[in-house]
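Coordinates in review
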Amino acid sequence: MTRNKFTNLLIVVLAFLAVVQTGGLWLSQTKSHNLFYSAINSFLTASSDTTEYYRTIEAGKTAIGTGNNRYVLLYEKQDKKAGSAIKDAIGSALENGEENISGTIDWNILSGKNIVLEFPFSVSSAEFAKGFSSASGNNIVPENFNCIVITPSFADDGTYITFITTGEQKFVTLVIEDSSINSSLRTVIDSTPADGLAYISSAQSGFNIFKNNVFLPQWAENEYLYPSVYSVNAGTDGNGVFSSSEVKQMVQPLFAPSAFDHSGIDGNGIHFYNSDEIVVKYYPNGILEYFNYKKSTEAQTLASAYDACMEFIEKDVSIKTDIFLTDADVTTEGLVFKFDYSVNNIPIKLSEALKEKLGIESAIEVIVTNNTVKKYRKYSCNFYESSENDMSANVDFLTEINRVITEHSADGEIVQVDDISLCYYADENNLCSLKWITDIDGSSYTGDTFAVAYEGE
């Protein structure tokens with residue numbers, strides 16, 4: 001190898017290491033397994049050190065505790081009033097909150113009425129603070145966190161904001177005294193609808209088999225009746241037939257304001273659309289791929305990349321189903337954000353067979369480099385509920401956990417469970433039914449929610 005070639009190779013390696021190291025400052029390697037949508041992602045606010053506007057980095061899961069260890073889980077956006085109350089509380093804590101208590105996690109903080117935001121990765125508090133007006137970050141807040149618990153006092157004007165790093169089992173609680181914020185949060189909690197599935201806190205219920213707190217679904221009767229969910233390819237007409245006009249309407253906003261051409265169809269039925277710097281492919285199975293070859297040299301951070309990602313997704317008007325952030329990671333291509341769909345506050349999990357068929361891991365993947373979306377990959381389907389409760393579930397979470405541990409633990413060894421969640425499991429036949437997804441030591445196990453009762457049981 002010549003000296004010049006060696007030098008060039010060294011430069012490439014060092015550049016790659018710089019990207020990974022920088023990403024490590026934003027994203028901890030310890031990731032939560034919870035997958036839900038935050039109430040605060042739709043608000044634009046100014047960064048403290050620039051004139052740029054950033055969206056607040058969204059949590060994965062929002063859980064609203066209405067008291068007596070009863071929670072409502074949200075996978076979709078909150079209304080503006082609720083989102084504003086949550087944002088005001090966190091922003092005030094970041095700006096001028098005073099330390100109340102800190103130390104090792106004590107999940108008794110969930111004993112009252114509260115709002116819990118769980119993030120699917122560990123977030124840099126400095127990057128998170130850029131989503132709040134005039135917030136430079138509070139040096140009391142942990143450098144990274146993956147959970148926020150907001151607890152308004154129902155006795156006075158105090159509100160307690162707890163930042164938790166579950167991987168290190170540490171927390172810091174800040175207190176703010178603001179009667180307006182306290183009142184708004186209390187209203188959000190007390191006005192939360194109680195319909196749908198109810199959840200309990202594993203920590204509050206004494207289920208020590210879980211590594212950290214997990215929200216567990218429960219139903220009052222012997223079985224839970226629910227509507228089946230089906231998917232519709234966004235590139236088809238009302239009869240489920242491929243429609244070039246529907247696809248054109250789907251891809252057009254991704255090029256705006258530039259003009260684009262439909263450059264043809266290859267032998268596999270893949271449609272190609274392009275402009276000078278952008279290429280979009282649409283596959284017969286509903287996969288859409290977007291590539292942007294425009295060069296950019298802007299400096300990128302987690303906050304700015306997330307903002308670019310969400311601005312781009314908002315252009316995709318073909319997305320009719322709620323989505324929620326499930327992961328973020330640094331790769332050689334850039335910062336990758338991953339999303340999945342949800343229906344009626346229940347997440348949709350793509351089956352392994354469907355993932356293999358489509359060649360994807362998440363429903364939506366967005367790669368951002370230099371604050372520009374360079375690649376966008378989406379399973380272009382929307383999901384809808386049937387008009388009646390035509391399905392039922394009768395296997396509770398305890399039964400499922402016992403099954404998984406019995407079948408997969410070595411010699412019946414007692415293990416700790418990372419997470420268990422109830423999801424719509426989307427198969428390759430465009431149908432979805434509820435399944436249990438149990439996570440233990442990096443492995444996921446899928447289980448049925450319905451078991452046929454034998455005679456005599």
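The coordinates are above.
The structure contained in this document is the topic of the report that follows.

The rules behind the values
Residues numbered from 1 in each chain as written. Predicted model: local features only at pLDDT ≥ 70, side-chain atom pairs only at ≥ 80, totals over all residues. Heavy atoms only, no water. Helix = DSSP H or I, 4+ residues; strand = E, 2+ residues; numbered from the N terminus. Expected span 1.5 Å × (residues − 1). Buried < 20%, exposed > 50% of the residue type's maximum accessible area, 1.4 Å probe, protein only. Arc of directions from axis to C-beta. Contact = heavy atoms within 4.5 Å. Salt bridge = Lys/Arg side-chain N within 4 Å of Asp/Glu carboxyl O. Core = buried A, V, L, I, M, F, W, Y, C linked by side-chain atoms within 4.5 Å. Patch = residues over 30% accessible without salt bridge, like charges linked within 9 Å, V, L, I, M, F, W, Y side chains within 5 Å. Areas by Shrake-Rupley, 256 points an atom, 1.4 Å probe, with all protein chains shown as cover. Axes fitted to C-alpha atoms, helices over the stretch in contact; angles between N-to-C directions. Parallel < 35°, antiparallel > 145°, perpendicular 65-115°, else oblique. Left-handed = near helix turned anticlockwise from the far one by under 90°. Nonpolar A, V, L, I, M, F, W, Y, C, P; charged D, E, K, R; others polar.

1. Describing helix α6 (residues 244-255)
Between its first and last C-alpha, α6 extends 17 Å over 12 residues, near the 16 Å set by a 1.5 Å rise per residue. Among the residues of α6, those classed as buried are V247, M250, V251, L254 and F255. Seen along its axis, α6 keeps its buried residues to an arc of 140 degrees; they face one direction. Along its buried surface, α6 packs onto β15 (271-274), β16 (278-282), β17 (287-292), α7 (302-315) and β22 (372-379).

2. Description of the pattern of salt bridges
Using the criterion set out here, one finds 14 salt bridges in the structure. The residue R403 makes a salt bridge to E400 at a minimum N-O spacing of 2.7 Å. Separated by three residues within a single helix, R403 and E400 lie in helix α9 (residues 397-408), roughly one turn from each other. R403 gets classed as partly exposed once you look at its relative accessible area, which sits at 27%. By relative accessible area, which is 2% here, E400 ends up buried. When salt bridges that share partners are traced, they join R55, D307 and E314 into one network.

3. A few points about α9
Taking 1.5 Å of rise per residue, the 12 residues of α9 would be expected to cover 16 Å, and the 16 Å separating its terminal C-alpha atoms lies within 8% of that figure. By the burial criterion, the buried members of α9 are F397, E400, I401, V404 and I405. Buried positions in α9, seen along its axis, are confined to an arc of 130 degrees and lie on one side of it. Close packing links the buried residues of α9 with β11 (215-218), β25 (419-426), β26 (431-440) and β27 (443-448).

4. A closer look at the nonpolar core
With 121 residues, the main nonpolar core has F128, I148, F337, F339, Y376 and F383 as its most contacted residues. Among the elements that take part in this core, α7 stands out by supplying eight residues, more than any other. Dropping the residues within four chain positions of it, I148 is found in contact with I90, I115, V116, L117, F119, F128, I161, T162 and F163.

5. Regarding a nonpolar patch on the surface
Nonpolar side chains collect at one region of the surface, where Y230, V232, Y384 and L431 lie side by side and expose about 340 Å² of accessible area between them. Locating L431 in the fold gives a position in strand β26.

6. A short note on the packing of helix α2 (residues 80-96) against helix α4 (residues 179-190)
Following both chains from N to C, one finds α2 and α4 inclined at 140 degrees, their axes separated by 9 Å at the closest point. Taken together, the axes of α2 and α4 are oblique relative to one another. Crossing handedness for the pair α2 and α4: left-handed. Between α2 and α4, the contacting residues are K81, A82, A85, I86, D88, A89 and S92 on the first element and I181, S184, L185, T187 and V188 on the second. Residues belonging to the contact of α2 with α4 are distributed by class as follows: seven nonpolar, three polar and two charged.

7. Brief notes about unusual backbone geometry
Glycine aside, negative phi is the norm for most residues, and most peptide bonds take the trans geometry. With omega at 5 degrees, the peptide bond leading from A256 into P257 counts as cis. Mapped onto the fold, P257 is located in the loop between α6 and β14 (261-265). The backbone phi angle of N344 is positive, close to 50 degrees, even though this residue is not glycine. Mapped onto the elements, N344 comes out in the loop between β19 (335-343) and β20 (346-350). We classify N344 as partly exposed; its relative accessible area is 48%. The phi dihedral of N345 is positive, around 60 degrees, even though this residue is not glycine. Structurally, N345 is set in the loop between β19 and β20. For N345, a relative accessible area of 17% translates into the label buried.

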